[in-house]
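Now for the letters of each chain:
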Amino acid sequence: AYSSPDNIITCFRKNQFLEGLAMTISWGTMWRQNPRIYTTDLLRIYQVLENCNSSLHDEKNIDEAWKNIESSLSWSPVITSKTLHFMCRALGFDKDPPVAIDNKIILKRVWPALTRSVKASAKPSSWANGLSGYKRYMTFINYLRCNCYPDWSNTQIESTLFIVFYNK
């Protein structure tokens with residue numbers, strides 16, 4: 001199967017965590033990051049992702065899963081958020097799932113555009129700063145959904161930001 005959001009979700013839904021991860025890497029064009037993603041043996045990565053899936057299911061939030069990936073695998077916020085995004089969707093969190101944070105567009109284009117006119121002393125910490133940075137990003141996404149686009153999902157808002165800023 002080729003990498004697509006539907007195929008990634010199907011893999012995670014079937015507990016095919018390594019296949020889902022490989023497709024996430026492919027779909028997110030993160031091939032060059034393989035040495036930073038495959039930081040330990042495949043069995044350990046599978047176990048961490050399996051534990052994350054259970055945590056997401058039981059807790060209904062990403063905090064413990066994020067911390068588990070961060071402490072066990074030392075992944076970047078980008079691959080962590082992409083993986084957890086698809087795992088959440090596989091668990092049925094379709095309306096307002098935590099969305100992926102993209103390095104090229106979200107961190108290097110959207111964030112600078114939003115903070116360009118903010119004084120250095122008042123500028124919030126970067127969205128790239130682990131779980132706390134990711135939560136600031138999700139606060140922005142949720143603000144847009146609740147106040148500007150109430151009929152949209154988080155995924156639609158993130159996709160639109162990606163498209164709008166892709167050619168800037």
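Residues numbered from 1 in each chain as written. Predicted model: local features only at pLDDT ≥ 70, side-chain atom pairs only at ≥ 80, totals over all residues. Heavy atoms only, no water.

(A) A look at the nonpolar core. In terms of nonpolar packing, the biggest core is built from 46 residues, with W75, L84, W127 and Y137 touching the most fellow members. Secondary-structure elements contributing two or more residues to this core are helix 1 (5–13), helix 2 (17–27), helix 4 (42–59), helix 5 (63–73), helix 6 (77–90), helix 7 (103–115), helix 8 (130–147) and helix 9 (154–166). (Core = buried A, V, L, I, M, F, W, Y, C linked by side-chain atoms within 4.5 Å. Buried < 20%, exposed > 50% of the residue type's maximum accessible area, 1.4 Å probe, protein only. Helix = DSSP H or I, 4+ residues; strand = E, 2+ residues; numbered from the N terminus.)

(B) Seen up close, the layout of surface pockets. Taken as a whole, the largest pocket encloses approximately 720 Å³ of empty space. When contributions to the lining of the largest pocket are tallied by element, the ones reaching two or more residues are helix 6, helix 7 and helix 9. Among the elements that make up the lining of the largest pocket, the one with the highest residue count is helix 6 (six residues). Its residues placed into classes, the lining of the largest pocket shows twelve nonpolar, eight polar and six charged. Size it by volume and the second largest pocket reaches roughly 210 Å³. With three residues, the single largest contributor to the lining of the second largest pocket is helix 8. (1 Å grid on protein atoms, 1.4 Å probe; cavity = no way out; pocket = protein on both sides within 12 Å on 5 of 7 lines; lining within 4 Å. Points joined across faces, edges and corners; volume = space filled by probe spheres on them. Nonpolar A, V, L, I, M, F, W, Y, C, P; charged D, E, K, R; others polar.)

(C) Here's a closer look at the side chain of H85. One can find H85 in helix 6. Here the side chain of H85 touches P98 through a polar contact of 2.8 Å, landing on its backbone oxygen. Excluding its chain neighbours within four sequence positions, the residues that come into contact with H85 are P97, P98, V99, A100 and T155. (Polar contact = N/O pair within 3.5 Å; in protein donor to acceptor, adjacent residues only side chain to side chain. Contact = heavy atoms within 4.5 Å.)

(D) Spatial organisation of the pattern of salt bridges. In total, this model carries three salt bridges according to the counting rule given. Between K135 and D63 there is a salt bridge; the shortest N-O distance is 2.8 Å. You can see K135 sitting in helix 8 and its partner D63 sitting in helix 5, a full 72 residues away along the chain. Residue classification places K135 among the partly exposed residues on the basis of a relative accessible area of 38%. Residue K82 pairs with D102 through a salt bridge whose shortest N-O separation is 3.7 Å. Note that K82 is positioned in helix 6 and D102 in the loop between helix 6 and helix 7, a separation of 20 residues in sequence. Overall, D102 belongs to the buried group, its relative accessible area being 11%. (Salt bridge = Lys/Arg side-chain N within 4 Å of Asp/Glu carboxyl O.)

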